[in-house]
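Below are the chains, spelled out letter by letter.
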Amino acid sequence: KCDLYRAAAVKSRDADKRNDLLERAITAYAAFCDGNQYSKHLPQAELGLVNTSSVYARSLELAIEEAIGAEAETLAEKRREVLTKAVAKTGDLISNLENSEDQSETRKRQLYELMLQRSQMLYDVARTQDEGQFNFEQALMTCEELVFKAGEDTPHCLRAYNLMGRTFSAMQNWEEASTFFQAVINVAIPVDLDEWKEVVKELGL
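It should be emphasised that the depicted structure is a prediction, and the values quoted were computed from it without experimental measurement.

A. Seen up close, the pattern of salt bridges. In this structure the tally under the stated criterion is 12 salt bridges. Between Asp20 and Arg24 there is a salt bridge whose closest N-O contact spans 3.2 Å. Taken together, the residues span about one helical turn, with Asp20 and Arg24 both in helix H2 (residues 15-35) at a distance of 4 residues. Classification of Asp20 by relative accessible area gives partly exposed; the value is 35%. By relative accessible area, Arg24 is classed as partly exposed at 42%. A salt bridge links Arg127 to Glu61; the shortest N-O distance between them is 3.7 Å.

B. Representation of helix H6 (residues 133-150) within the structure. A rise of 1.5 Å per residue sets the reference length of H6, with its 18 residues, at 26 Å; its end C-alpha atoms lie 26 Å apart and thus fit the reference within 8%. Along H6, the positions that sit buried rather than exposed are Asn135, Phe136, Gln138, Ala139, Leu140, Thr142, Cys143, Leu146, Val147 and Ala150. At the C-terminal side of H6, Gly151 shows a positive phi close to 100°.

About the criteria used
- Residues numbered from 1 in each chain as written.
- Predicted model: local features only at pLDDT ≥ 70, side-chain atom pairs only at ≥ 80, totals over all residues.
- Heavy atoms only, no water.
- Salt bridge = Lys/Arg side-chain N within 4 Å of Asp/Glu carboxyl O.
- Helix = DSSP H or I, 4+ residues; strand = E, 2+ residues; numbered from the N terminus.
- Buried < 20%, exposed > 50% of the residue type's maximum accessible area, 1.4 Å probe, protein only.
- Expected span 1.5 Å × (residues − 1).

Any functional reading would require information that these geometric values do not contain.
Put into structure tokens, the structure is as follows:
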């Protein structure tokens, strides 16, 4: 039932209907998690709750851009509430994955994706606040932990660097932002000419 609400929402072209279905999905996921603490499907439902909250927050952001006055304020408050609850849930899920006996590649990818989601949502929450410094710093800290776990130059590392660049930009720390954006670019096309020639040679470009 939870998954069906979410699937229907994602396919809906009508913004109001999409948001209504996403809200229903979140309510259904939360009800399942609260009422089935010992179910084998609990981890799946918790991840579904976080993922759906992230999609809902993005959908609400689009709605806010088209709204004005009191309606925009109401949507913004709802978005903050959705993001704040989801961020709190990611903390527990990340801890569970880190302490799990199952450290397969699939589990590690789940952990990395969840850490990215947490960072993104912290960044989004911070942008809605007049004093968002704390959440910006928490987003950066989560990205740093992700880079340490995933390793340098991995896809998750580069996505974390990109988000760190955006976070520093939002904090108006342009020098730090430039450093992280440059790191991402340098992996794709090395700035150092000799290094680039070596890449061209190795890949036969």
